[in-house]
Each structure stands twice: as structure tokens, then as C-alpha cells.
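What the coordinates show
Here are the chains, one letter per residue:
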Amino acid sequence: MNIILLGPPGSGKGTQAKRLEARFGLLQISTGEILREAVIADNELGKKIKSTMDAGELISDKLVLEVIRSRLEEPDCKRGVVFDGFPRTVAQAKALEEIKRAKNEKVDVVIMLDVDDEALITRIEERATSAGVHGARSDDTVEVLKHRLQAYRIWTAPIIPFYEDRGILERVDGMKDIKQVSSAVNKIVDTIKNN
Ligand code: AMP
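Parameters at a glance
- Residues numbered from 1 in each chain as written.
- Predicted model: local features only at pLDDT ≥ 70, side-chain atom pairs only at ≥ 80, totals over all residues.
- Heavy atoms only, no water.
- Helix = DSSP H or I, 4+ residues; strand = E, 2+ residues; numbered from the N terminus.
- Rg over C-alpha atoms; globule rule 2.2 N^0.38 Å.
- Buried < 20%, exposed > 50% of the residue type's maximum accessible area, 1.4 Å probe, protein only.
- Pairing = 2+ DSSP bridges.
- Axes fitted to C-alpha atoms, helices over the stretch in contact; angles between N-to-C directions.
- Parallel < 35°, antiparallel > 145°, perpendicular 65-115°, else oblique.
- Left-handed = near helix turned anticlockwise from the far one by under 90°.
- Contact = heavy atoms within 4.5 Å.
- Nonpolar A, V, L, I, M, F, W, Y, C, P; charged D, E, K, R; others polar.
- Near = heavy atom within 4 Å.
- Polar contact = N/O pair within 3.5 Å; in protein donor to acceptor, adjacent residues only side chain to side chain.
- Areas by Shrake-Rupley, 256 points an atom, 1.4 Å probe, with all protein chains shown as cover.
- Expected span 1.5 Å × (residues − 1).
- Arc of directions from axis to C-beta.
- Core = buried A, V, L, I, M, F, W, Y, C linked by side-chain atoms within 4.5 Å.

Below, the discussion takes up the overall build of the chain. Scanning the chain for helices and strands turns up nine helices and five strands. Ordered by position in the sequence, the α and β elements of the chain form the string β-α-β-α-α-α-β-α-β-α-α-α-β-α. For the chain, whose C-alpha radius of gyration is 16 Å, the value lies close to the compact-globule estimate of 16 Å for 195 residues. Its C-alpha atoms put the chain at 45 × 40 × 30 Å along the principal axes. Evaluated residue by residue, the chain yields a buried proportion of 45% over its 195 residues.

Right, here's the structure in full:
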């Protein structure tokens, strides 16, 4: 099974992806995590992307697709994947469709976490303060969040009609508490599993 979690920054994709991983034995693939690891390792990829990530802008489709293509070759993906933070552009969504088609696989469902902007700013402020100076992600400031929201609106939101057209988009109210969101998400996944 292949699931995409879609939603603006701070909508809870990471949290819900981890919960799906634990409940359904799927593998969470977070492009943000992979890219952050490259920045920490200060390798060739990390050097190319650090300033773009810190500014809250999107990494090029070319680089992200290189990363994802190589990650999807690893055997642990066979148990099924929850994509968290990927795809983020229509070009990425189309490329994923091709990658899956070539393996005779498909994206089964795209779960959209709906959260309003004001709640997002509050969440990110909380995340920035609770992580403290040491643990905080360098892109977890209100200023950078605004860039990330803007990037989401321009580049990522057009993915919604792309998947609606394919009849695989499901919406969940991401304003509810984590457990309620989780149970709505589980219900969607259970239905797909049983069909
Ligand atoms: P995330 O952890 O998903 O919020 O991602 C953190 C940052 O990594 C984003 O603000 C982007 O700079 C970069 N990033 C992660 N995933 C992608 C993607 N699929 N396409 C482009 N940039 C990405």
C-alpha cells in the first residue's frame, strides 16, 4: 500500500505518518528528513540545499526526485510506504506516478490534512519554543514558516486537484486533536485495505 499525506507545513503530517507506520507496518518516507540528514552530514547534496531549506523554499524537483528514486529502490519499501512531505509539486506527483507505474504499483490514497493558517502559525511557534535553541529545526521560525506556507500555496496546493481528478483524494479535519485525526486517517486506510 502506498499512501501520501498532504497538507501545509505544521499540519501534522509527520505525526500522522509515524502513527500509520506503527499501526499498519508501513514505512514512513519523509523527504524533509532525508534532506535534513544530508545537511547535517554536510555531504555534496547537503551543501547544495542548505540555504534553500533554511529559507523555507522548495528544493528543485530534479534533486528531490533523485533522492526519492534511490530511496524507493531499497528493499524496506516493499512493505508499503507513507509519503510525508512528498510530492510537493505537480511535476513530483507525475514523476511518482511514473515510478509506481513502472513497478506495477500505484498510489492508493492521498490523505489531505486540512488546517487553517492561524492554527499553523500557533503550532509552529509552539514547536519552535518547545524544541528550544538546541533541538529546534533551523526552518521552524514564524518568519520562515511564512515562506513555507507561500511555497505550499504556490507549488503544492495544485496537487490537490491533480489527485481529485484521479479519484484518490480524501480529506481529514486536521484541526482536531491528534487521536481524533489519527482515527479518521485509520478509518480511510482500513477501508482501502479491506477493498
Ligand atoms: P518538511 O520536513 O517536509 O517540512 O521539509 C522541510 C524542507 O525540506 C522544506 O521546506 C523544503 O525546503 C525541503 N523539502 C522537503 N520535501 C521536499 C519536496 N518534496 N520538494 C521540495 N523540497 C522539499
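Across the sheet, five strands lie side by side as E2-E3-E1-E4-E5; this open sheet has parallel pairing. With one partner strand each, in any of the chains shown, strand E2 (27–30) and strand E5 (169–173) form the two edges of the open sheet. Here the strands of the sheet are splayed against their neighbours by 25° on average, with no regard to which way each runs. Note that strand E4 (residues 109–114) and E5 share five bridges and pair parallel. What sits directly across from Leu113, in E5, is Val172.

With that settled, the discussion passes to the packing of helix H1 (residues 13–24) against helix H9 (residues 178–193). Close contact between H1 and H9 brings their axes to 10 Å; oriented N to C, the two are set at 50°. When the interaxial angle is binned, H1 and H9 end up oblique. Crossing hand, H1 versus H9: right-handed. In this structure, H1 contributes Thr15, Gln16, Arg19, Leu20, Arg23 and Phe24 to the contact, and H9 contributes Ile178, Lys179, Val181, Ser182, Val185, Asn186, Val189, Asp190 and Lys193. Among the residues making up the contact of H1 with H9, the classes are represented as six nonpolar, four polar and five charged.

Moving on to the site of the ligand. The full set close to the ligand counts 16 residues, and Thr31, Glu57, Arg88, Gln92 and Arg148 are the nearest of them. Take Arg36: an N or O atom from its side chain is 3.0 Å from an oxygen atom of the ligand. Separating an oxygen atom of the ligand from a side-chain N or O atom of Arg88 is a distance of 3.0 Å. Across the complex, the protein chains shield 96% of the 480 Å² of accessible surface that the ligand would expose by itself.

Taking 1.5 Å as the rise per residue, helix H5 (residues 90–102) with 13 residues should run 18 Å; its terminal C-alpha atoms sit 18 Å apart, in good agreement. When H5 is considered as a whole, its buried residues turn out to be Gln92, Ala93, Ala95, Leu96, Ile99 and Lys100. End-on, the buried residues of H5 take up no more than an arc of 165°, which puts them together on one face. Elements in contact with the buried residues of H5: strand E1 (2–6), helix H4 (61–71), strand E3 (81–84) and helix H8 (159–165). Where H5 ends, the next residue or the one after it, Asn104, has phi of about 60°, a positive value.

Now for the pairing of E4. Note on strand geometry: in a regular strand, side chains alternate between the two faces of the sheet. Most of E4 sits out of view: five of its six residues are buried. Where E1 and E4 come together, four bridges link them in parallel fashion. For Ile4, the partnering residue across the bridge sits in E4 and is Val110.

Core analysis: the biggest nonpolar cluster contains 34 residues, and Ile68, Leu72, Phe83, Leu96, Val110 and Tyr163 have the highest contact counts within it. Take this core: its biggest share by element is five residues, from H4. Within the second largest apolar cluster, 15 residues are counted, among which are Phe24, Val82, Ile188 and Val189.

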